[in-house]
Each structure stands twice: as C-alpha cells, then as structure tokens.
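Residue strings, one per chain:
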Amino acid sequence: MSPHSRARRIKLAAAAVMAVVLTSTMAACSSNSSGSSSSTGSAQGRISIGVKVDQPGTSLKVGSEIKGFDADVARYVADQMGYAPGQIDFKEAVSAQRETMIESGQVDFIVATYSITDSRKQRVEFAGPYFVAGQDLLVRQDDNSITGPDSLNGKKLCSVTGSTSAQTIKTKYASGVDLQEMDSYSKCVQALAGGQIDAITTDNVILAGYAAQPQYQGKLKLVNHPFTTENYGIGLKKGDAARCTAITDALTKMISSGEWQKSVDDNLSTGGFSVDKGTNPPTPTPNCGV
C-alpha cells in the first residue's frame, strides 16, 4: 500500500470515529431532554399566566413574588405541563380584562378566582372547577345592620367592574342598593375601612383574605351569609381542547396528591372563612370543548 493510500485511510477512519462520537453525544442530550421531569422544565420557552396581584390568600404580589392559593394552583399546573418556576411569567389579570387577555394571546391561561359562567364560556374555554366559593359581604366590625343581600337597601355597596358579583347585584338585588364599581377589590376595601361605603361584595374566600390582613384585623368582618355558588376554573383560549384537558388532568392530580389541601390550609384558613367541605374539593370535569 502506498503512503498516500495509507494516509487517506487513516483520515477516513478518524472521520468515522468522530461521527460516532457526535451521534452518541446528540442522542444522550436528546434522551436527557425528553426524560427530564417536569420540575426541571422539560417544556421549551416560557408560559404566561394571568393572576390577580392584590387578593391576599388567593393571589397577592409580595415583593417580586406572587403568593396564595391561586398562585399555587398556577405553578402546579405549569409544572405538570413541563414548565419550571423560572419559565413562568405572571401577568396581572384585572376582572374586566380577563377574556380579552385570553383572546388576544397576552396569556396562555388565567388563574384568578375566575368563576365559570355560561356567558364567559361563549368567549373562553374553562378547565376545572378547582374550588367552590360563594358570594358574600364584608362590612365594618361594628356594623350589625347588614346581615345579607336583602338588608342592603339604602346602603353603598362596592364591587369590581366585570365581576360576576357585580352582575348578580344588578340582576337580583339592584332595587334600593347604591352599587359602586371599582377596578380592584383592594380599592373597595380601602373605601370600606375609610367609611366611604357600607359593604363590599364578592366571593367569601376573597373577602376573608382582606379581613385577615393586619391593618384590617378587628376592623372588618365577613357576614358569612353566602348567597351564590361560584365554581372557579382556569380560563384559556376558546377551542383549545387539548390544553384544557391537560390542565384539568393536572388539577385532578393536585387534588388527589394532597397538594390542593396543603395549599388551602396554608392560604385560606383566615379571616373568619371556613372552606365548605361539602363542596370542596370539587371534581374537575373533562368537559373541554363542550
């Protein structure tokens, strides 16, 4: 064999070895990626989730972190979808803007004490429910004149624009009630504590969270007379049945694993509120696309 042929064979053999090494390395990387657990962030890119930022107990921004029951639910669902905490972008979802945020693609889904209603289902898909609350009233500690929605005649009542709570008052209890709508419950609470209004209405779990805040303890109280049933769901784009089913499966797992109860105990056992064990935890229903 000539020196030239020998050199040529050596180069070919070296090239073949390098190809094998490169292929093995790529396969190993691929295996590690597909086999990683959801907690390490196997999903590519980022996920955007709409939440409230001013509701203690359910979803409150503390420093740079979102804390509360809804925040825990959001993170658990994202984890089950393969997103690590560092891949989540939380965006404030004001009640009146939730459907628009979903339809315009500003968020992938919303977890924000979002009641499932027939009218909303015309515009967005819902996964869940994952919690059952009830509309109630928050009043000042020394006010015994308000005992329920039927005692609101002549009273100044505050709720949030775009909420089911405001709509319920308009359709069932509008006569004699001076309803004032604001863009956040935190503003309603400030007005109540300052004496500008007589009561606030929204879901009991939300009101209890405000009553439990240090600056309002002993000053505000929950009436504890719920007069509606509110099934909280996770809202996402209409027609996205695949993601809706995946989220419903994640909620079912959160409940069965005990993580749901842990979050309830950590976040919602305050302000005079007691979780109704007859309705909670609910059974997430696989009705996506219906």
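Digging into the packing of helix α2 (residues 69–80) against helix α8 (residues 259–267)
Closest axis-to-axis distance for the α2/α8 pair is 9 Å, and the angle between their directions is 155°. Considered as vectors, α2 and α8 are oriented roughly antiparallel to each other. Regarding α2 and α8, the two cross each other, and that crossing is right-handed. Here α2 contributes Phe69, Asp72 and Tyr76 to the contact with α8, which in turn contributes Glu259, Trp260, Ser263, Val264 and Asn267. Each residue belonging to the contact of α2 with α8 can be placed in one class, and the counts come to four nonpolar, two polar and two charged.

Observations concerning the packing of helix α7 (residues 241–257) against α8
The relative placement of two packed helices is expressed as an angle between their axes plus a distance between the axes. Remark: α7 packs on α8, axes separated minimally by 4 Å, with the N-to-C direction vectors making an angle of 75°. One element, α7, and the other, α8, form an angle in the roughly perpendicular class. Two secondary-structure elements touch here, α7 through Met254, Ile255 and Ser257 and α8 through Glu259, Trp260 and Ser263. Residue composition of the contact of α7 with α8, grouped by class: three nonpolar, two polar and one charged.

Section: the sheet that holds strand β9 (residues 156–160)
The mixed open sheet is built from five strands, whose spatial order is β10-β9-β11-β8-β12. Both edges of this open sheet fall to β10 (178–182) and β12 (220–222), since each of them pairs with a single strand only. Taken pair by pair, the neighbouring strands of this sheet meet at an average axis angle of 30°, ignoring direction. Here five bridges tie strand β8 (residues 135–140) to strand β11 (residues 199–203), and the two strands are oriented antiparallel to one another. When the bridges of β11 are listed, Val139 appears paired with Ala199. Packing against the sheet, helix α6 (residues 204–211) makes contact with β8, β11 and β12, and its axis sits at approximately 130° to β11.

Parameters and conventions
- Residues numbered from 1 in each chain as written.
- Predicted model: local features only at pLDDT ≥ 70, side-chain atom pairs only at ≥ 80, totals over all residues.
- Heavy atoms only, no water.
- Axes fitted to C-alpha atoms, helices over the stretch in contact; angles between N-to-C directions.
- Helix = DSSP H or I, 4+ residues; strand = E, 2+ residues; numbered from the N terminus.
- Parallel < 35°, antiparallel > 145°, perpendicular 65-115°, else oblique.
- Left-handed = near helix turned anticlockwise from the far one by under 90°.
- Contact = heavy atoms within 4.5 Å.
- Nonpolar A, V, L, I, M, F, W, Y, C, P; charged D, E, K, R; others polar.
- Pairing = 2+ DSSP bridges.

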